[in-house]
Amino acid sequence: MQGWSFISYFQRPLGVDLFCFGKKYLVFNLVARNLKIKYRRSILGILWTLVGPFSMAMVYYLVFNHFLKIKIPHYLSYILSGTLAFSFFSQSLSEGTESIVGNWGLSSKVPMPLQVFPYAGTLTNLITLLLSLPILLLAAWISKVSLGPSLFCLPFYFLAFFLITYGFSFLLGVAFVYFRDLRHLLSIILQVWFYGTPVVYSEAMIPENLKWIIHANPIGDIIVGIHQILAEGSWPSLASVLICGFWVVLLTFGSAFVHKKFISLIVEQI
Amino acid sequence: MSTSLPLSSDQVVIRVSQVTKRFRYWIDQPSSIKTLLVRLLQCDLSFGERKEFTALDDVSFDIRKGEFVGIMGRNGAGKSTLLKLICGIYSPTCGTISVKEPIAPLIELGAGFHPDLSGYENIFLNASVLGFGKKATLSALNHILEFAELGDHIHMPTKKYSSGMMVRLGFSIAAHLNAPIILIDEVLAVGDAGFQAKCIQKIQDLHKAGRTIILITHSPEAVRNYCQRCIVISNCRKLFDGPASAGVDAYLESVQLA
């Protein structure tokens, strides 16, 4: 029973309904709204949003594999899984930043939990990421990765990735209420973040004395793990799983703490 | 306090006790990271000057189940703040508010309507924004569609709706979702006379069916004709609480004094 009570504590960290369990139908409708608006009136429908990261991945593939001759096996699968995962992250963060302020028209008229907006936004992007999974498996097959039983770790990695991304989206959404120039700053930060994360290069290429950068990067070990699962077919190391867990706990409880401190002030501040 | 009113029930559904709401705001608060950094460089760690203003001051009243209460007051008197407190959008600075039953707030029509979605799709979004589940929405769906009288326009994106059409749909959703307490803020002025009459009829029907209704309005006729009780808010305080017609007189007097 101890284990279950731990899970239920995590569902409502610090007593905050961070994951909107009390508003499931609202979350469902907001996600449906996001999907409908994004993909209405386009032939490719939901796949349209994958075109951007997909073409970027192809450019990276050309530049890093053929021009710079990077030596990473199964590079097609490697670059594609990394780029799609990172674009889930960056897309969610930039949308999450504006989500609380952008839905002010709603939240000032009807009582609603403000975290529902970054939550629904991140969920929407997660759905797109999951829809790209067949493409990733196809790429792994084309570049002859021998996918192994470590594939069963993938759902846990996606869950951890989702929780970390949602934490950042929420925190940025709150910060944006106070600092309106965050939007411009974020695009620069994300650019740096992209090159600070082993998406186009591999962990092994980093000099030994700079390896800490990966672990200090909240999504560093996640991306390394996704690469290991989808582009190498190997198992992630226990240490990296624990570091992922650390970041999940830190962001979840950090968000819950910020929620407790600021959320009632925000409605009046916007 | 001891005014005897014809009440349908003694059960208190909303209790507002000694509620004060003060808003804090900062003058010259750094609103961007850039100014924050510049200030840090200048070793100026102040977050600007803090100011406060009182929007509501020591307001108390009870609303019982099945009452039809009108709330009046001049612009800026604190009516909207009071409403948002009752709905739970704001939390009071001092005092407590307890609300025993779910509220369907109609503070602004079409809150939660997305302009790119059709009226039909917006019904589901709006209902869930108001806090209702799938079952409640589906069971009210036919009544909502029928009452709104939008015909085939229901499948058009709401950005093409006129304000009158928005009112029809918004009111229809809030009125048919079986909420025990209905809160209406000055929204019915938009529709045409025919639809207004229909809405007022509907509100009266809901009241007869035992719902609690709170109507915020500037119209003395509406309060005289439909409300049992009237609360007048003036200068952030409760000026009057009692029978509707006396309340309207108090309101008109307070407007003239200003």
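Whatever comes next refers back to the structure up there.
Residues numbered from 1 in each chain as written. Chains lettered and ligands numbered in written order. Predicted model: local features only at pLDDT ≥ 70, side-chain atom pairs only at ≥ 80, totals over all residues. Heavy atoms only, no water.

J.: Let's hear about the packing of helix α8 (residues 154-178) of chain A against helix α11 (residues 220-232) of chain A: which residues, and what values?
T.: Two measures define how a pair of helices packs: the angle their axes make with one another and the distance between the axes. All names here are of chain A. Contact geometry of α8 with α11 gives a least axis separation of 10 Å together with a crossing angle of 155°. The angle between α8 and α11 falls in the class roughly antiparallel. You can see that α8 and α11 cross each other, and the crossing is left-handed. Between α8, through Leu154, Tyr157, Phe158, Ala160, Phe161 and Ile164, and α11, the contact on the second element is made entirely by Asp221, Ile222, Ile223, Gly225, Ile226, Ile229 and Leu230. When its residues are assigned to classes, the contact of α8 with α11 shows 11 nonpolar, one polar and one charged. (Axes fitted to C-alpha atoms, helices over the stretch in contact; angles between N-to-C directions. Helix = DSSP H or I, 4+ residues; strand = E, 2+ residues; numbered from the N terminus. Parallel < 35°, antiparallel > 145°, perpendicular 65-115°, else oblique. Left-handed = near helix turned anticlockwise from the far one by under 90°. Contact = heavy atoms within 4.5 Å. Nonpolar A, V, L, I, M, F, W, Y, C, P; charged D, E, K, R; others polar.)

J.: Can you explain unusual backbone geometry? Please cite residues and give values.
T.: One non-glycine residue, His74(A), lies in positive phi territory at about 55°. Tracing the backbone shows His74(A) in the loop between α3 (48-67) and α4 (75-102). Looking at His74(A), the relative accessible area reads 27%, which means it is partly exposed. At Glu149(B), a position not held by glycine, the phi torsion is positive, near 50°. Topologically, Glu149(B) is positioned in the loop between α4 (134-148) and α5 (163-176). (Buried < 20%, exposed > 50% of the residue type's maximum accessible area, 1.4 Å probe, protein only.)

J.: Go over the environment of Thr128(A) with me, naming the residues and quoting the values.
T.: Residue and element names in this part refer to chain A. Counting through the fold element by element, Thr128 comes out in helix α6 (residues 116-131). Judged by its relative accessible area of 5%, Thr128 is buried. With 58 residues separating them along the chain, Thr128 and Ile70 place their C-alpha atoms 29 Å apart. Among all residues touching Thr128, those that are not within four sequence positions of it are Tyr39, Ile46, Thr49 and Leu50.

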